[in-house]
Amino acid sequence: NTNRRRDAREAFDSVSVAIDSVVSHTFWPFSHDSAGPQLRRVNRTDSVTVQLRFSLKLDTVPPAAEMVSVWALPDTTPVAVAEVWAQAVYDSLAAEEAAAQARADSLAADSAAALDTLALADSAVADTAAVPEAAGARPPPGADPRVRAGRGATPGPQVPEHVTEFLARRPPLSDIWFIRLVEPLTPGGRYLIEARARSIGGSVGESRSVLTVSAPRDST
């Protein structure tokens, strides 16, 4: 807010710097809080994965499985946690799984297309000969250059390239963890989740939240 004072929730950090005319360095300040990260929200990602969102940016040290505990309600039966991932690790694993699934889908589509080609090979020639070309048929709208002209979207403001490159060097910080459970979540079940997390500023917080898993709709 340009008041030249460090306010309570303003991003800051401190470091000793020896001035040198030929050396430059970029400093990234962040918001500090002595209370420690608190769970804000828990969401089901898939049948065995839960997303945990905290109130502060988290330490970049990879979290351990023992930092999160899960109990099934109402009997508080312990639920085993297999892995706890930072957001960057989870995004990388999800991208690998999506790429593997895309390759499998592509192979299946190629196989189906090959079978369809063999099945329709004989009828394709007959169909082409039996259907005469319509006189004066109009091309589809997308093929008419007069229709395409002037339809381009108005370009938005462009971010300067040097700004994009500068921001790309910013260390990736996140306030999200993902936990992978050993057993699938029970539809309609409720789970108590406790997490002990450290913020990027070093403060440690313990908090709890309840996850309610939606039950499938009754189709009757």
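Structure: see above.
Parameters at a glance
- Throughout, residues of each chain are indexed from 1 in the direction in which the sequence is written.
- A pLDDT threshold of at least 70 governs which residues receive local features in this predicted model, and a stricter bar of 80 or more applies before side-chain atom pairs are shown or counted, although totals over entire chains, interfaces and linings include all residues.
- Derived side-chain values reflect all non-hydrogen atoms in the structure, with water molecules and hydrogen atoms excluded from consideration.
- Counting from the N terminus, the helices are the DSSP runs of H or I reaching at least four residues and the strands are the DSSP runs of E reaching at least two.
- With a 1.4 Å probe rolled over the protein chains alone, any residue whose accessible area is under 20% of its type maximum counts as buried; one over 50% counts as exposed, and the rest are partly exposed.
- Should any heavy atoms of two residues lie within 4.5 Å, those residues are considered in contact.
- Note on areas: Shrake-Rupley with a 1.4 Å probe; residue coverage comes only from the protein chains shown.
- Being paired, for any two strands, means DSSP has found at least two bridges between them.
- Axis angles are defined between N-to-C directions and span 0 to 180 degrees, where every axis is a line fitted to C-alpha atoms and, for a helix, only to the segment in contact.
- Salt bridge, as used here: a side-chain nitrogen of Lys or Arg that lies within 4 Å of a carboxyl oxygen of Asp or Glu.
- In this text, buried Ala, Val, Leu, Ile, Met, Phe, Trp, Tyr and Cys residues form a nonpolar core when linked through side-chain atoms within 4.5 Å.

Hey, could you go over the overall build of the chain for me, with residue numbers and the actual values?
Within the chain one finds three helices and eight strands. A burial count over the chain gives 20% of its 220 residues as buried. Sequence separation of 24 or more characterises 63% of the internal contacts of the chain that already satisfy a separation of 6 or more. Accessible area of the chain: about 16400 Å², with a carbon and sulfur share of 54%.

An account of the sheet that holds strand β3 (residues 68-73) is requested, with residue identities and associated values reported.
Each strand in a sheet pairs with its neighbour through backbone hydrogen bonds, running either in the same direction (parallel) or in the opposite one (antiparallel). On the basis of which strands lie adjacent, the open sheet formed by four strands has the order β4-β3-β7-β8 and antiparallel pairing. Strands with a single pairing partner mark the edges of an open sheet, and in this sheet they are β4 (77-79) and β8 (204-212). Each adjacent strand pair in this sheet contributes to an overall mean axis angle of 25 degrees, direction not counted. As judged from the six bridges shared by β3 and strand β7 (residues 190-198), these two strands associate in the antiparallel manner. The residue of β7 that forms the bridge with tryptophan 71 is leucine 192.

I'd like to hear about the pattern of salt bridges, residue by residue, with values.
When charged atoms on two side chains of opposite charge get close, those side chains can pair. The full count for this structure, using the stated rule, is three salt bridges. For aspartate 175, the salt bridge is made with arginine 53, and the minimal N-O distance between the two is 3.5 Å. Residue aspartate 175 is found in the loop between α3 (161-168) and β6 (176-181), and its partner arginine 53 is found in strand β2 (residues 49-54); the two are separated by 122 residues along the sequence. Residue arginine 53 is classed as partly exposed on the basis of its relative accessible area, which comes to 23%. Residue arginine 196 pairs with glutamate 206 through a salt bridge whose shortest N-O separation is 3.3 Å. Remark: glutamate 206 occurs in strand β8 and arginine 196 occurs in strand β7; sequence separation between them is ten residues. On the basis of relative accessible area, arginine 196 is assigned to the partly exposed category, the value being 43%.

I'd like a rundown of the nonpolar core, residues and numbers included.
In this structure, Leu52, Val68, Val70 and Ile179 are the most contacted members of the largest nonpolar core, which totals 22 residues. Where this core is concerned, the elements lending two or more residues are β1 (39-46), β2, β3, β5 (81-86), β6 and β7. Apart from residues lying up to four places away in sequence, valine 68 is in contact with Leu52, Val81, Val84, Trp177, Ile179, Ile193, Glu194 and Ala195.

Explain unusual backbone geometry to me, using residue names and the numbers behind them.
Put simply, leucine 73 and proline 74 share a cis peptide bond, and its omega is 10 degrees. With a phi close to 60 degrees, arginine 4 is a non-glycine residue in the positive phi region. Turning to its location among the elements, arginine 4 is positioned in the segment before β1. The backbone of threonine 76 sits at a positive phi, close to 50 degrees, despite the residue not being glycine. The residue threonine 76 is located in the loop between β3 and β4 in this model. Its relative accessible area of 42% is what places threonine 76 among the partly exposed residues.

Explain the sheet that holds β6 to me, using residue names and the numbers behind them.
Spatial ordering of the open sheet is given by β1-β2-β6-β5, a layout of four strands whose pairing is antiparallel. Across the chains shown, the open sheet's two edge strands, defined by having one partner strand only, are β1 and β5. Across the sheet, the mean angle separating the axes of adjacent strands is 20 degrees when strand polarity is ignored.

How would you sum up the environment of serine 209? Please name residues and give values.
The residue serine 209 is located in strand β8 in this model. Since its relative accessible area comes to 17%, serine 209 is described here as buried. Once the C-alpha coordinates of serine 209 and isoleucine 193 are considered, the two residues, 16 residues apart in sequence, prove to be 5.4 Å apart. Apart from residues no more than four positions distant in its own chain, serine 209 is found in contact with Leu39, Val42, Tyr191, Leu192 and Ile193.

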